[in-house]
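Chain and residue survey
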Amino acid sequence: MAKIILKFEQSVLKEVPLSQGVVTIGRLPDNVIHIANLAVSGHHAKTYWDGEKSVIEDNNSLNGTYVNKHRVSKAELKDGDEVLVGKHTLSFNDEWHEGAPGAPAAEHKPTVPQMQATMVLDTKKAKEMLAMAAAARTGTPPPPATHDAPAAPPPPAHVEPPAPPKERIGMFTVLDGKTDAPSYVLGKMCVIGKSDMASIKLKGFFAPNMAALINKRDGKYFIAASEAKIKVRINGQEIAGQKELHEGDVVEVAGIKLNFGFQE
């Protein structure tokens, strides 16, 4: 007698003799072989006698029907053939066959419940669903489910934000010329000249009241002549307009020579 054996991972779930006529296979409960797995279509495939041979036929399922690892739309079944439906294996066992059987019984077609879309599931998910179904039948709690998503990482340890970079303060060191101090720390706005408002005071009868202006923007220092007739040189080169100062620059203006740098 020929029969179909439903297996999952070498475990026998169900045996169905083929003498009962058309055997339907699918996810919906009206199938003779009911496989509650979303990788299986509602009416996935069917087996039946065709003359003197048993045949399996795919019902245009989403994930296909495979006989001995080959996808088929319709194929004759021989003893020992293995049919893959979703993640389940159907083994065809023809223990004894003697001529064609009688006319198959009429196919039973109960009311079909509403179809749902078939989803392609991985093996791990299929195992979980099978374990849950088995637990429901036996009344035993199912094993804990596993998930592909990684465990949430522990909260990060508190890290102090990096301290903002220390603002560098510029300064001038007098190399040559008459001034009231040997060095000067620069603020946001400085004046080189003889006037009372000058930060870097010049000495001498002919010294201009305002020779040059130094201002600080975004941590950088810029110098410019206060009047067009006054010449400002940086490293021996006369400048026009404002010019950024860099550490080590030598500034010449109104008869004095200054070295620019930053405080340590």
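Scroll up to find the structure.
Figured I'd write up the structure that's included with this text. (Residues numbered from 1 in each chain as written. Predicted model: local features only at pLDDT ≥ 70, side-chain atom pairs only at ≥ 80, totals over all residues. Heavy atoms only, no water.)

With that out of the way, let us pick up the side chain of Asp 81. Positionally, Asp 81 belongs in the loop between β9 (74-77) and β10 (82-85). Looking at Asp 81, its side chain comes within polar contact range of the side chain of Asn 68, at 3.0 Å. At 2.8 Å, the side chain of Asp 81 forms a polar contact with the backbone nitrogen of Lys 78. If near-sequence neighbours (up to four positions away) are discounted, Asp 81 is found in contact with Val 67, Asn 68, Glu 76, Leu 90, Ser 91 and Phe 92. (Helix = DSSP H or I, 4+ residues; strand = E, 2+ residues; numbered from the N terminus. Polar contact = N/O pair within 3.5 Å; in protein donor to acceptor, adjacent residues only side chain to side chain. Contact = heavy atoms within 4.5 Å.)

With a phi close to 75°, Lys 69 is a non-glycine residue in the positive phi region. Since its relative accessible area comes to 80%, Lys 69 is described here as exposed. Positive phi outside glycine occurs at Ala 254, with the angle close to 50°. Along the chain, Ala 254 turns up in the loop between β21 (250-253) and β22 (256-262). (Buried < 20%, exposed > 50% of the residue type's maximum accessible area, 1.4 Å probe, protein only.)

Quick look at the pairing of β10 now. Only one face of β10 is buried, namely the one carrying Val 83 and Val 85, since none of Glu 82 and Leu 84 on the opposite face is buried. As paired elements, strand β7 (residues 65-67) and β10 share three bridges and run antiparallel to each other. If you follow Val 67 over to β10, its bridge partner there is Val 83. As defined by bridge partners, β10 adjoins strand β11 (residues 88-94) across four bridges and the pair is classed as antiparallel. The partner of Val 85 across the bridge, within β11, is His 88. (Pairing = 2+ DSSP bridges.)

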